[in-house]
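Chain by chain, the residues:
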Amino acid sequence: MFLYFYGLERRLMLQENVPDADAVVAEVRRLLQVYGGNGSFKRYAGELLSAYQLKSAQLPEKLDLEVEENSYEIPIMLKVALGIRVRSGDAIEPDLLLAYVLADPETRVRTPARRAQTLLRQLFAEAVEKQYPNGMRVPAAGVRKLKVNYRACSGTFDLEIRPFGGDLPDITNRGEPIGGARRIFDDCTDRLDDYSRMLGRSEGLKPTLAAVAQLPLGLRVKNCEELPGQPLSQLQELSNDGALISIRQLAVLAGMEPDKIAARAKQKDLSGILAAFGYGNTADPSFSLKSAKPDELAMVFGLEREAEANLEPGDHYRPMLLSIMLGMVIAFADGLLHPLEERRLFGKIDEAPGLSRDERVRLKAELKVCAADASRVADWTKRIGDVPEDRREDLADELVAIAVADGTLHAREVSQLEKLFRLMDLDQNSLYLRLQGSVAPQNRPRDGNDDLPLVIPAGIQPPSIPVSPAPPRTPATRVDVSRLEAIRRETRSTSSVLADIFLDEAEPPIELQPAIEEIENGDAPFDGLERRYAWLLLQLIEQEAWTASDFERLVRGADLMPGAAKQALNDWSLDRFDELVLDGEDPVIVNASLFSETTPQSPSLTVSVEGMSA
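Definitions and limits used
- Residues numbered from 1 in each chain as written.
- Predicted model: local features only at pLDDT ≥ 70, side-chain atom pairs only at ≥ 80, totals over all residues.
- Heavy atoms only, no water.
- Core = buried A, V, L, I, M, F, W, Y, C linked by side-chain atoms within 4.5 Å.
- Buried < 20%, exposed > 50% of the residue type's maximum accessible area, 1.4 Å probe, protein only.
- Helix = DSSP H or I, 4+ residues; strand = E, 2+ residues; numbered from the N terminus.
- Contact = heavy atoms within 4.5 Å.
- Pairing = 2+ DSSP bridges.
- Phe/Tyr/Trp six-rings, centres within 6.5 Å; stacked < 30°, edge-to-face > 60°.
- Axes fitted to C-alpha atoms, helices over the stretch in contact; angles between N-to-C directions.
- Salt bridge = Lys/Arg side-chain N within 4 Å of Asp/Glu carboxyl O.
- Parallel < 35°, antiparallel > 145°, perpendicular 65-115°, else oblique.
- Left-handed = near helix turned anticlockwise from the far one by under 90°.
- Patch = residues over 30% accessible without salt bridge, like charges linked within 9 Å, V, L, I, M, F, W, Y side chains within 5 Å.
- Areas by Shrake-Rupley, 256 points an atom, 1.4 Å probe, with all protein chains shown as cover.

### Considerations on the nonpolar core
Stage number 1. Core analysis: the biggest nonpolar cluster contains 65 residues, and Phe124, Phe185, Leu235 and Phe277 have the highest contact counts within it.
Stage number 2. Of the residues forming this core, the biggest block, eight residues, is contributed by helix 5 (residues 94-103).
Stage number 3. Every residue in contact with phenylalanine 124, bar those within four places of it in the chain, is listed here: Pro94, Leu97, Leu98, Ala181, Ile184, Phe185 and Cys188.
Stage number 4. Ranked by size, the runner-up nonpolar core spans 42 residues in total, among them Leu322, Leu326, Leu345 and Leu417.

Written out as structure tokens, the structure reads:
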């Protein structure tokens, strides 16, 4: 074949006025179709066709810009195309400039540029137009003229060609515009890194919503139109209809693996994917107290704008969420959320200061999800201790108002109110006074008024609250886990998941300075972990979130450094579970779900503590 090609080469380049030149050119193109898989022949045949076009001054109307990346040298026709633009003073269009960058031997073409060529072309064109609003133009003054030296494939002759009479500029030996163009190219490649990485995880390199979410903002929606199943349209329908969907189904819609969605980190990724298209969901771990189970229902709602990263709650969000959920506890006490009770809760959200528009929408969505599943509010009474003391009287007023919002007062609502008042250390008398309406909130008695008469509405009996003497407390040198937890509660002012929201101004230090002698951890959950780190992790998994200050005091109490301890625990967790056990800075989130089925009971873990007051 090469011997045959040598003859065709001589006919076109050495003979003048070849009568059947068109037939020879057609034969070279036919050979390219047959033997184009051979890289060497493909290059030689392409150079022959380009050189013949220059020699015969028969340039095509539209130059082919599909060039091979990292060529040994810039293709002849690419030089000609650049020279024509420079000579005429026209701008070099983005596609031609990109072809120049790709063909340059000094350009490093990475995987994202190969894997997402169409997107790269779009990003490159946008970047060039932004940087050069009037087009990239190169002055012709001082630019050397293009000389083309054709070296025969056979090696038997060289031929110098001077296109357009030798008057065509050649800019391929200059530092610009290739330097600036390559910087734009590298930046666009970097912006496609996350998309390329996510695309590589999908079957058959097929784009998913999760992959498209990694694209720059301007390319996301446009590139969702061709995704199978139209996931973005489904999200819009879910948001418009206020429909509920399971976390597992939401993961499938986003193109994630549903079997792994139980992990907190995966649910955070899911929320980030939805936020990239302007949607939030009620299972977002950044806003909820704990990870949702895959089959739990969630609601999708529209955000004010697309988010480049995961959103975080403001300072007022979690206190208001706690207040709303405690109101739901009272509203559901009679087994039914009355429309008037729901309206009052919605009004409370609308009037709350310090909340963003998206946070108000999220709170209302949370309320609707809980209204569809009353069991979701059952655990919120455990959080009532998180309410600051200076806010408890106001919360008490609101809870009573919710109880009577439907015009009736049920015995079960009163019973639930009594329970919440006890948990908030509020006087039971004040509850009945509020229920009867005999004391206005601004004039109600405060602490120290225990001698007020107890006014009880008809049909309501005050509870009998026996007070038993506290059992004697004796020091212990060896305690189990439950005992250790009790001691920690006595020496801390706050032990809640939401401690970072409700910090007092003068927070007492954590006086937990253990000297660890032994941890019997043969039951597997902490295998491979040093004893001091196992002890620390045992404390951490008691809460789902720790403020940065609490986390540091606890770690230093174990004679460890916070940064090193966090790294050591996460390294161990990645090896053991393929997930991080600690995430975030303030608060530090604990992935306690990793130990939900394996954490041993307190008798199997024994801690020896010295120098600790009982």
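### Notes on unusual backbone geometry
Stage number 1. The step from glutamate 176 to proline 177 runs through a cis peptide bond, and the omega angle for that step is 15 degrees.
Stage number 2. Among the secondary structure elements, proline 177 is positioned in the loop between strand 2 (158-161) and helix 8 (178-191).
Stage number 3. Positive phi is not limited to glycine here, since glutamine 230 has a value of about 50 degrees.
Stage number 4. On the secondary structure map, glutamine 230 appears in the loop between helix 11 (217-224) and helix 12 (231-241).
Stage number 5. Even without being a glycine, aspartate 425 presents a positive backbone phi close to 60 degrees.
Stage number 6. Checked against the element boundaries, aspartate 425 lands in the loop between helix 19 (411-423) and helix 20 (428-436).

### Side note on the pairing of strand 1 (residues 148-151)
Stage number 1. Only one face of strand 1 is buried: it carries Val148 and Tyr150, and the other face, with Asn149 and Arg151, is open.
Stage number 2. As paired strands, strand 1 and strand 2 are joined by four bridges and run antiparallel to one another. What sits directly across from valine 148, in strand 2, is isoleucine 161.
Stage number 3. What sits between the antiparallel neighbours strand 1 and strand 2 is a turn of six residues, in which glycine 155 has the positive phi angle 80 degrees.

### Remarks on the packing of aromatic side chains
Stage number 1. Counted under the stated rule, the structure contains five aromatic pairs.
Stage number 2. Here tyrosine 35 and phenylalanine 41 contribute two aromatic rings whose centre-to-centre distance is 6.4 Å and whose plane-to-plane angle is 85 degrees, an arrangement assigned as edge-to-face.
Stage number 3. Looking at phenylalanine 41, the relative accessible area reads 0%, which means it is buried.
Stage number 4. Aromatic side chains tyrosine 150 and phenylalanine 157 sit 6.3 Å apart centroid to centroid with 40 degrees between the ring planes, which places their arrangement in the tilted category.
Stage number 5. Judged by its relative accessible area of 2%, tyrosine 150 is buried.
Stage number 6. Judged by its relative accessible area of 10%, phenylalanine 157 falls in the buried class.

### Considerations on the sheet that holds strand 4 (residues 279-281)
Stage number 1. Pairing in this open sheet of three strands is antiparallel, and the strands run 3-5-4 from one edge to the other. Each of the sheet's edge strands pairs with one partner strand only, and the pair in question is strand 3 (244-246) and strand 4. Along the sheet, successive strands turn relative to each other by an average axial angle of 40 degrees, direction set aside.
Stage number 2. Note that strand 4 and strand 5 (residues 297-302) share three bridges and pair antiparallel. The partner of tyrosine 279 across the bridge, within strand 5, is glycine 302.
Stage number 3. In the packing of helix 17 (residues 357-372) onto the sheet, contacts are made with strand 3, strand 4 and strand 5, and the angle to strand 5 comes to roughly 150 degrees.

### Thoughts on the environment of isoleucine 273
Stage number 1. Here isoleucine 273 lies in helix 14 (residues 264-276).
Stage number 2. When near neighbours in sequence (up to four residues on either side) are disregarded, isoleucine 273 contacts Leu209, Ala210, Ala213, Ala254 and Met256.

### Quick look at the pattern of salt bridges
Stage number 1. Under the definition given, this model contains 24 salt bridges.
Stage number 2. Salt-bridge contacts for glutamate 93 lead to arginine 85; the nearest nitrogen and oxygen are separated by 2.7 Å.
Stage number 3. Its salt-bridge partner being aspartate 194, residue arginine 197 comes within 2.9 Å of it at the nearest N-O pair. Taken together, the residues arginine 197 and aspartate 194, both in helix 9 (residues 193-201) and three residues apart, mark about one turn of the helix.
Stage number 4. What makes arginine 197 partly exposed here is its relative accessible area of 45%.

### Digging into the packing of helix 19 against helix 20
Stage number 1. Two elements in contact, helix 19 and helix 20, have axes whose closest approach is 9 Å; the angle formed by their N-to-C orientations is 140 degrees. It follows that helix 19 is oblique to helix 20 by the angle criterion. You can see that helix 19 and helix 20 cross each other, and the crossing is right-handed. The segment helix 19 lies against helix 20, with Val414, Leu417, Glu418, Phe421 and Arg422 engaging Gln428, Ser430, Leu431, Tyr432, Arg434 and Leu435.

### A word on the sheet that holds strand 9 (residues 588-590)
Stage number 1. Taken together, three strands build an open sheet; the order of strands is 7-9-8 and the sheet is antiparallel. Of all the strands in the sheet, just strand 7 (545-546) and strand 8 (582-583) have a single pairing partner and so form its edges.
Stage number 2. Where strand 7 meets strand 9, two bridges bridge the pair, whose relative direction is antiparallel. Residue pairing for strand 9: tryptophan 546 is matched across the bridge by valine 588.

### A look at the environment of histidine 316
Stage number 1. With respect to the element layout, histidine 316 can be found in the loop between strand 5 and helix 15 (317-331).
Stage number 2. Take histidine 316: its relative accessible area is 43%, and that puts it in the partly exposed class.
Stage number 3. Considering only alpha carbons, one finds histidine 316 and proline 353, 37 residues apart in sequence, at a separation of 7.9 Å.
Stage number 4. When residues no more than four places from it in sequence are discounted, the contact partners of histidine 316 are Pro353, Gly354 and Leu355.

### Digging into a nonpolar patch on the surface
Stage number 1. A grouping of Met1, Val34 and Tyr35 is seen on the molecular surface, where their side chains present a nonpolar patch of about 260 Å² in accessible area.
Stage number 2. Residue placement: tyrosine 35 occurs in helix 2 (residues 21-35).
Stage number 3. The partly exposed category is assigned to tyrosine 35, whose relative accessible area is 37%.

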